[in-house]
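Below, each chain spelled out in residue letters.
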Amino acid sequence: MDPTVLFSPDEVARASAYHRPLYFALAADIAVSTGVTAVLAFSRLGDRLFAATGGPWWARTFLFTVLVLAVVDVARLPLAFWRGFVREHRWGFSTQRIGGWILDQVKGLVIGGVLTGAAMVALLGSIRLFPSWWPLVAVLGACVLVLLLVFVAPLLLEPIFNQFRPLDDPDLADRLRALARRAGVPIRDVLVADASRRTRKHNAYVSGIGRTRRVVLFDTLLGEAARPELDIVVAHELGHRRHGDVLKGTLLAMLSAAGAVLVAWPLDPTPRRIPLLLLVWGLLELASLPFTAAFSRRLERGADRFALELTRDPDAFEAAFRRMARANLADLDPPRLVYTFMFTHPTPVERIAAATP
Ligand SMILES: [Zn+2]
């Protein structure tokens, strides 16, 4: 679809200039993490790193997992720094200082290390406890873990990176609550995240399940978008809630977790084989990206349709997605391969075109 029907050739070119190097960086990032993980799985270097760990099997498992992830992350650091800090500053998006960026990386590494380490201990523990039917135990355990993570993420994980407050504009809060009632998914509060501590980009999302469900707006978006556009953004998020999309995503994640256990089965997991497990899981994830991205785009199109039906305001829909595309410099004309693997959302061009026949 020709993006210049809706955006100027300059806008299309500028968005491309921002994104193309990032795609190459992403490919390099995948190559680095796969390569380093493979080295730790098959080489003497991995043996030596494993020999540096000690103690009972569970301590060794946890420690080795954290060490492997730390080595991979350190190898990825230069690219991550260029991509997430240098370039974001050069293009005027980042509002972060170097200290804040480093703190984010450390938090990410600690959370990733603790969660992955705990999952590995659980996996290897189930093999020790139930030598013949551990895959069944591990699949069930993985599904429970995914469900638990989605449930507690808004309460325990998201606040590690952002602070959340209820909307302080009572008129707007009433307006959005009324919208939610009309959508058939009443909400107590729309929360505002202090995204501006990192970026000038705009966004909104839904997270949590059951009692932890919430709609979150970036404060960056709130400061700039007109009310009818905010209605569109919130209506889209309400569409996700109405359609149970977080739950659908959770079920997909459970299916992936079950798949991860099944591919681990023939590998006969031991603590030394942790890098091998991570390598195989990484490749599996890569291979499944076209399916998960297509699944996600489908849910996004559904939420867009819902927003249009709820607001009956195609003009505001177009304005909202134009503003978001400009604010985030969204790629209006991505390469086919990138679109297939990475695009969890349709392009702004596709979204506006679908809304305005
Ligand atoms: Zn969405």
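Residues numbered from 1 in each chain as written. Predicted model: local features only at pLDDT ≥ 70, side-chain atom pairs only at ≥ 80, totals over all residues. Heavy atoms only, no water.

Participant: What should I look at first to understand the environment of Leu-221 in this one?
Facilitator: Relative to the assigned elements, Leu-221 resides in helix 7 (residues 219–224). The spacing of Leu-221 and Lys-201 is 20 residues in sequence and 7.7 Å in space, taken between C-alpha atoms. Beyond its immediate stretch of four places on either side in the chain, Leu-221 contacts His-202, Asn-203, Leu-230, Val-233 and Met-324. (Helix = DSSP H or I, 4+ residues; strand = E, 2+ residues; numbered from the N terminus. Contact = heavy atoms within 4.5 Å.)

Participant: Hey, could you run me through the packing of aromatic side chains in this one?
Facilitator: Two measures describe an aromatic ring pair: the distance that separates the ring centres and the angle between the ring planes. Taken as a whole, this structure holds nine aromatic pairs when the rule is applied. These aromatic residues form a ring-pair network of at least three members: Tyr-18, Trp-91 and Phe-93. Over the face of the ring belonging to Phe-50 we find Arg-60, whose NZ or CZ atom lies 4.1 Å from the ring centre. Across from the ring centre of Phe-93, 4.7 Å away, lies the NZ or CZ of Lys-201, which sits over that ring. (Phe/Tyr/Trp six-rings, centres within 6.5 Å; stacked < 30°, edge-to-face > 60°. Lys NZ or Arg CZ within 6 Å of the ring centre and 35° of its normal.)

Participant: Would you mind going over the side chain of Thr-53 with me for this structure?
Facilitator: Take Thr-53: it is sitting in the loop between helix 2 (44–51) and helix 3 (57–90). A distance of 3.0 Å separates the side chain of Thr-53 from the side chain of Arg-60, its partner in a polar contact. In contact with Thr-53, not counting residues within four places along its chain, are Arg-60, Leu-63, Phe-64 and Leu-67. (Polar contact = N/O pair within 3.5 Å; in protein donor to acceptor, adjacent residues only side chain to side chain.)

Participant: Mind showing me how you'd approach the coordination of the zinc ion here?
Facilitator: Each pair of donors in an ideal four-coordinate tetrahedral metal site encloses 109.5 degrees, whereas pairs in an ideal six-coordinate octahedral site enclose 90 or 180 degrees. Note on the zinc ion: its protein donors are His-236 (NE2), His-240 (NE2) and Glu-300 (OE). The metal-donor distances range over 2.0 to 2.1 Å. Between the donor residues of the zinc ion, the gaps in sequence give the motif H-x3-H-x59-E. Here His-240, found in helix 8 (residues 227–242), pairs with Glu-300, found in helix 10 (residues 274–311); they are 60 residues apart in sequence, far enough to count as distant. Since its relative accessible area comes to 7%, His-240 is described here as buried. (Donors = N, O, S within 2.8 Å, 3.2 Å for Na, K, Ca; no water. Buried < 20%, exposed > 50% of the residue type's maximum accessible area, 1.4 Å probe, protein only.)

Participant: It is not clear to me how the nonpolar core should be interpreted in this structure. Could you clarify?
Facilitator: The biggest cluster of nonpolar side chains holds 29 residues, and the ones touching the most others in it are Leu-167, Leu-217, Leu-221 and Leu-238. Listing elements by their share of this core, those giving two or more residues are helix 6 (170–183), strand 2 (190–193), strand 3 (204–207), strand 4 (214–218), helix 7, helix 8 and helix 10. Here this core takes six residues from helix 6, the largest share from any one element. Ignoring any residue separated from it by four or fewer positions in sequence, one finds Leu-167 in contact with Leu-172, Ala-173, Leu-176, Val-190, Val-192 and Leu-222. In this structure, Phe-64, Ala-138, Val-146 and Ala-264 belong to the second largest nonpolar core, which totals 25 residues. (Core = buried A, V, L, I, M, F, W, Y, C linked by side-chain atoms within 4.5 Å.)

Participant: Mind showing me how you'd approach the pairing of strand 2 here?
Facilitator: It is a general feature of regular strands that their side chains alternate between the two faces of the sheet. Of the two faces of strand 2, both are covered, the one formed by Val-190 and Val-192 as well as the one formed by Leu-191 and Ala-193. Pairing geometry for strand 1 (residues 164–166) and strand 2, over three bridges, is antiparallel. When the bridges of strand 2 are listed, Arg-165 appears paired with Val-192. Of the strand pairs in this sheet, strand 2 and strand 4 are connected by four bridges, and their pairing is parallel. Bridged to Val-190 within strand 4 is Val-215. (Pairing = 2+ DSSP bridges.)

Participant: Would you explain the sheet that holds strand 4 in this entry?
Facilitator: For sheets, the rule is that strands pair by backbone hydrogen bonds, running either parallel or antiparallel. Ordered by their spatial adjacency, four strands build an open sheet running 1-2-4-3, and the pairing between neighbours is mixed. In the strand order of this sheet, the two ends are held by strand 1 and strand 3, each with one partner. In this sheet, adjacent strand axes meet at a mean angle of 35° when their direction is disregarded. (Axes fitted to C-alpha atoms, helices over the stretch in contact; angles between N-to-C directions.)

Participant: What am I meant to see in a nonpolar patch on the surface here?
Facilitator: Where nonpolar side chains cluster on the molecular surface, the patch consists of Ile-98, Ile-102, Val-106, Val-110 and Val-114 and spans about 400 Å² of accessible area. If you trace the backbone, Ile-102 turns up in helix 4 (residues 98–129). (Patch = residues over 30% accessible without salt bridge, like charges linked within 9 Å, V, L, I, M, F, W, Y side chains within 5 Å. Areas by Shrake-Rupley, 256 points an atom, 1.4 Å probe, with all protein chains shown as cover. Salt bridge = Lys/Arg side-chain N within 4 Å of Asp/Glu carboxyl O.)

Participant: Whenever I open this one, the pattern of salt bridges confuses me. Can you help?
Facilitator: Proximity of charged atoms lets side chains of opposite charge pair with each other. As enumerated under the stated definition, the model contains 17 salt bridges in all. Notably, a salt bridge pairs Arg-198 with Asp-104, separated by 2.6 Å at the nearest N-O pair. Note that Arg-198 is positioned in the loop between strand 2 and strand 3 and Asp-104 in helix 4, a separation of 94 residues in sequence. By relative accessible area, which is 17% here, Arg-198 ends up buried. Residue Glu-229 is joined to Arg-323 by a salt bridge in which the shortest nitrogen-to-oxygen separation is 2.6 Å. Of this pair, Glu-229 sits in helix 8 while Arg-323 sits in helix 11 (residues 314–328), placing them 94 residues apart in sequence. Overall, Glu-229 belongs to the buried group, its relative accessible area being 9%. Three or more residues joined by partner-sharing salt bridges are found here, namely Asp-29, Asp-73, Arg-76 and Arg-83.

Participant: Would you mind showing me how to read the packing of helix 1 (residues 9–42) against helix 10 here?
Facilitator: For any two helices packed against each other, the geometry comes down to the angle between their axes and how far apart the axes lie. Following both chains from N to C, one finds helix 1 and helix 10 inclined at 150°, their axes separated by 8 Å at the closest point. The orientation of helix 1 relative to helix 10 falls into the category roughly antiparallel. Both helix 1 and helix 10 take part in a crossing whose hand is left-handed. Along the contact surface, helix 1 presents Ile-30, Thr-34, Thr-37, Ala-38, Leu-40, Ala-41 and Phe-42, while helix 10 presents Pro-275, Leu-276, Leu-278, Leu-279, Leu-283 and Leu-286. Of the residues contributing to the contact of helix 1 with helix 10, the split by class is 11 nonpolar, two polar and no charged. (Parallel < 35°, antiparallel > 145°, perpendicular 65-115°, else oblique. Left-handed = near helix turned anticlockwise from the far one by under 90°. Nonpolar A, V, L, I, M, F, W, Y, C, P; charged D, E, K, R; others polar.)

Participant: So what exactly am I meant to see when it comes to the packing of helix 3 against helix 4 here?
Facilitator: Where helix 3 meets helix 4, the axes come as close as 8 Å, and the angle between the chain directions of the two elements is 150°. Judged by the angle between their axes, helix 3 and helix 4 are roughly antiparallel. The two elements helix 3 and helix 4 meet at a crossing, and its hand is right-handed. The residue inventory of the contact of helix 3 with helix 4, partitioned by class, reads 18 nonpolar, eight polar and two charged.

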